[in-house]
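Summary of the model geometry
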Amino acid sequence: MTGSAAITITRAAAQDAVALTALIMRSKQSNGYDAAFMAMCAEELRVTPDRISATPYWVAKRGAQILGCAALTSLSPDCGEVHAFFIDPAHQRQGIGRALWGHLLLQARARGFRELRLDADPAAVAFYQTLGFHLEGTSPSGSIPDRTIPHMARKI
């Protein structure tokens, strides 16, 4: 892993919204999407102070630098949903996603979840499979009409 400072996982603050949106957009676009596609996704991917207030977003940092993020919401008392799981492309494959995942898993267990679900970018399916998720089917895209994306789940 590059850099000498340890990775810390903290709850996102309202003032992180702009930086998180920029990180998410960079990460999503690194999967090969063009500007038109990204423009269609912009609203769905935007992080706002209100979203941070309503949903537990977690950030992975090295010092003050935000390297990744993820959010965890409740679908039911025993089932959670992971979303907005993104790592800055310049820092991928350095263990940041695994560190963030470990924290989310602890949070999920503390909330009593027995299952986690998510809608994955097709480019991220292999990563989520390494975390124990399996394909359940597809879900409609929240941004692109007539596009479906992989829906995944795992027991915890």
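Residues numbered from 1 in each chain as written. Predicted model: local features only at pLDDT ≥ 70, side-chain atom pairs only at ≥ 80, totals over all residues. Heavy atoms only, no water.

1. A few points about unusual backbone geometry
Even without glycine at this site, R93 takes up a positive phi of about 65 degrees. Along the chain, R93 turns up in the loop between strand 4 (79-87) and helix 4 (96-110). You can call R93 exposed: its relative accessible area is 88%. Notably, D146 is not glycine yet its phi reads approximately 65 degrees, a positive angle. Here D146 is to be found in the loop between strand 6 (134-140) and strand 7 (148-155). The exposed category is assigned to D146, whose relative accessible area is 85%. (Helix = DSSP H or I, 4+ residues; strand = E, 2+ residues; numbered from the N terminus. Buried < 20%, exposed > 50% of the residue type's maximum accessible area, 1.4 Å probe, protein only.)

2. Side note on the confidence of the model for the protein
Taken residue by residue, the protein gives an average pLDDT of 94. The fraction at 70 or more is 97%. Mean pLDDT per element in the protein: helix 5 (residues 125-130) is the minimum at 94, and strand 5 (residues 115-119) is the maximum at 98. (pLDDT = per-residue confidence, 0-100.)

3. Things to note about the packing of helix 1 (residues 17-29) against helix 2 (residues 35-45)
At their nearest, the axes of helix 1 and helix 2 sit 11 Å apart, and the two run at 140 degrees to each other. Crossing of helix 1 over helix 2 shows right-handed handedness. In contact with I24, M25, K28 and Q29 of helix 1, helix 2 contributes A35, F37, M38, A42 and L45. (Axes fitted to C-alpha atoms, helices over the stretch in contact; angles between N-to-C directions. Left-handed = near helix turned anticlockwise from the far one by under 90°. Contact = heavy atoms within 4.5 Å.)

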